[in-house]
Amino acid sequence: MTAGTVGWPGRAELAGRARTAFTVGWGACRGLNVADVAVALAQGGAAVLLAWLSKLLIDGLGAGADGRTLWLAAGVAATTLAVAVLTQLDQYLAPLLRRAVAADVQARLYAKVNAFVGLGPLEDPRLHDRLRLAQQAGEAAPQQVISGVAGLLRGLVQLGGFVAALWVLWPPMVAATVLAAVPVVAADVRLAGGRAATQLTTSPGYRRRLFYRMLLTDRAAAMESRLFGTGTFLFDRMADATARTDRAENAHDTRVLRLRCGSAVLAGLVTGAALVFAVARAAQGRLTPGDVLLFTAAVGGVQAALLSTASVLTSTYEALLLFGSYRDVVRAPDDLPTGAAELPPLGTGIEFRDVWFRYEDGPWVLRGVTFTVPAGAAIGLVGANGAGKSTLVKLLCRFYDPQRGQIRWDGVDIRTVPPQELRARLGAVFQEFVRYDLSAAENIGLGALEHLHDRERIDAAARLAGARPFLQALPSGYDTLLSRLFFSDDQQAHGGGTNLSGGQWQRVALARSVMRTDAELLILDEPSSGLDAVAEHQVHTALREYRRGRTCLLISHRLGTLRAADRIVVLDDGRVTESGSHDALLAAGGGYARLFALQADGYRDRPADPVPA
């Protein structure tokens, strides 16, 4: 079931969802669930007991106060107190259960998201719609099923006690009261499906609202919006998405109002008729004042119990309709196959053998790519934008698998080894690196999580990447928060954290990548694109020292940075068109030579143009 479509499950599927929801809800916190059920049973019994004690007290007062009447009054007071305490307990337990279930569901959902081997599922907008609904339904359905059991028990206890009272006072009224609640139950069941359908159809709209809201508050986006004057445009887009979701929800709320008003009128008529009937029988001497009180309370109690039970069942039904999104996510099949083969140390090299790849049903990005990265060598990848360089890196990291061909690590197809074992052998700087809203030390230490608190190692990585001077100069050094979104404990009184420049952030990302001192393959995808000439030279000098003896894959549009590579592979339109050393490729006079000449031309001196007279 996807957002925007409604295909309601059958009974077997609904029962399966209910079992899963109960298992999740009960397992989140058994002690709280037992307490919730106990409180619900006590509430149902207390409501019936209070009505009977009140009847006996009123009749006792009519006959003359005595010791028994005082005991009845004490019983009414004690029961009233118990009802008040039970109500507070119920209100206390409900949020505790909700938070316990929410934490458990969140852990299950994002454990599944983290279990995806590649990036494909995260690029599917349907997953994001399901994930939003799964978070909501995954929290609601388990709690609703558990609280539904408690509410059902409370309603049954209350219903049984008040039906017994009505039967004693006037049996026909039992049938009239029950029949009056039938249309209300039918209306609630109808509304449950409508609510679920509305949430499914509005989920994409809510994600768009969050997207535009982020653009209006994000610092980088705000720079462009103020420069180009797009703030109003983005706000209008957010307002339009809001209006669309609001219209759908308002239409549903209008249907709710019509049905609920009709139900309320019918329930009021039954209660009013019961009261008139009770007073008439009391005037004839056939009912005592206490009987009138009990009769009225019983009619209202039966209706309340029936409506409460119906509300519990329909709310549970509604939650289970949406619970399919949760089950879709947690039961989603693996996106990429995983194997258990052992990955040997990189002794021979990495071979791309006739590799073909495309995203979804798009055009081919790679078309029969074949080349080798010998162990211990530095291989440069060159090509225009869209030639497939970054895609090769993603395949090597197993973010995707090729549709045809193989990538072999010392003869072992990387699809046959556990992805985490392969990735533990890699160090990488991606062109689209992440700027974490964490401290400087954490931004670097995430590259080797087991050494997150090893300051000497973090400092060494920062020195290698040329980040040490500006990080040590921050207000709290490596402990400085690199964010304007949050406060750290010691910055509450001094404003938010610190922002870095784009080039500084790139050095931090580079430091993160070299935290893995035992990486066998280093992947550098445009590692110096945001650096000035001096910084670029310093970084590449340091990296040459770092990668000595390591296998390295270098990607850069600046061909001068690849001159020291052992071999350069040229990609064009997803194919390998040239391969060789820098000097050999220049001598060949092919595409690489033309591209290098074009870049070098900008640095050559030219005769000055004549100045017009």
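Above this text sits the structure in question.
Reading the values: the criteria
- Residues numbered from 1 in each chain as written.
- Predicted model: local features only at pLDDT ≥ 70, side-chain atom pairs only at ≥ 80, totals over all residues.
- Heavy atoms only, no water.
- Helix = DSSP H or I, 4+ residues; strand = E, 2+ residues; numbered from the N terminus.
- Expected span 1.5 Å × (residues − 1).
- Buried < 20%, exposed > 50% of the residue type's maximum accessible area, 1.4 Å probe, protein only.
- Contact = heavy atoms within 4.5 Å.
- Pairing = 2+ DSSP bridges.
- Axes fitted to C-alpha atoms, helices over the stretch in contact; angles between N-to-C directions.
- Phe/Tyr/Trp six-rings, centres within 6.5 Å; stacked < 30°, edge-to-face > 60°.
- Lys NZ or Arg CZ within 6 Å of the ring centre and 35° of its normal.
- Parallel < 35°, antiparallel > 145°, perpendicular 65-115°, else oblique.
- Nonpolar A, V, L, I, M, F, W, Y, C, P; charged D, E, K, R; others polar.

In an α-helix, one full turn covers 3.6 residues, which means residues spaced three or four apart are oriented alike. An ideal rise of 1.5 Å per residue puts 16 Å on 12 residues; helix α14 (residues 502-513) measures up with 17 Å between its terminal C-alpha atoms. The buried fraction of α14 amounts to 10 of the 12 residues, a majority that puts the element mostly inside the structure. Where α14 is concerned, the buried positions are Gly 503, Trp 505, Gln 506, Arg 507, Val 508, Ala 509, Leu 510, Ala 511, Arg 512 and Ser 513. In the core, the buried residues of α14 are packed alongside β6 (426-429), α11 (440-445), α12 (455-464), α13 (468-472), β7 (521-525) and α15 (533-546).

For the rest of this paragraph, the subject is the sheet that holds strand β2 (residues 366-374). The strand order across the open sheet formed by four strands is β2-β1-β4-β5, and the pairing between neighbours is antiparallel. The open sheet has two edge strands with one neighbour each: β2 and β5 (412-413). Taken together, the six bridges between strand β1 (residues 349-357) and β2 define a ladder with antiparallel strand orientation. Residue pairing for β2: Phe 357 is matched across the bridge by Leu 366. Those strands touched by helix α9 (residues 389-396) are β1, β2 and β4 (404-409), and its axis lies near 115 degrees from that of β1.

If you walk through the whole model with that rule in mind, you get nine aromatic pairs. On the basis of an interplanar angle of 20 degrees and a centroid distance of 4.9 Å, the ring pair of Phe 323 and Tyr 326 is categorised as stacked. Highlighted residues: Phe 323 and Tyr 326, both in helix α8 (residues 289-330), separated by three residues, approximately one helical turn. The exposure class of Phe 323 is buried, given its relative accessible area of 0%. An angle of 20 degrees between the planes, with centres 6.4 Å apart, marks the rings of Tyr 592 and Phe 596 as stacked. Within this pair, Tyr 592 and its partner Phe 596 are both found in helix α17 (residues 591-601), separated by four residues, close to a single helical turn. As far as burial versus exposure is concerned, Tyr 592 and Phe 596 are alike and both buried. One aromatic cluster is present, built from ring pairs that chain together Phe 357, Tyr 359 and Tyr 400. The positively charged end of Arg 358 is found above the aromatic ring belonging to Trp 364, 4.4 Å away from the centroid.

This brings us to α9. The buried count for α9 comes to six of eight residues, which makes it a mostly enclosed element. Of the residues making up α9, those classed as buried are Lys 389, Thr 391, Leu 392, Val 393, Leu 395 and Leu 396. Looking one or two residues past α9, Arg 398 carries a phi angle of roughly 60 degrees, positive in sign.

Right, let's get into the packing of α14 against α15. Taken N-terminus to C-terminus, the directions of α14 and α15 make an angle of 0 degrees; their axes are 13 Å apart at the nearest point. As judged from the angle between their axes, α14 and α15 are roughly parallel. Residues Arg 507, Leu 510 and Ser 513 of α14 form the contact with α15, whose own contacting residues are Ala 535, Gln 538, Val 539, Leu 543 and Tyr 546. Grouping the constituent residues of the contact of α14 with α15 by class yields five nonpolar, two polar and one charged.

Structural measurements only, silent on function.
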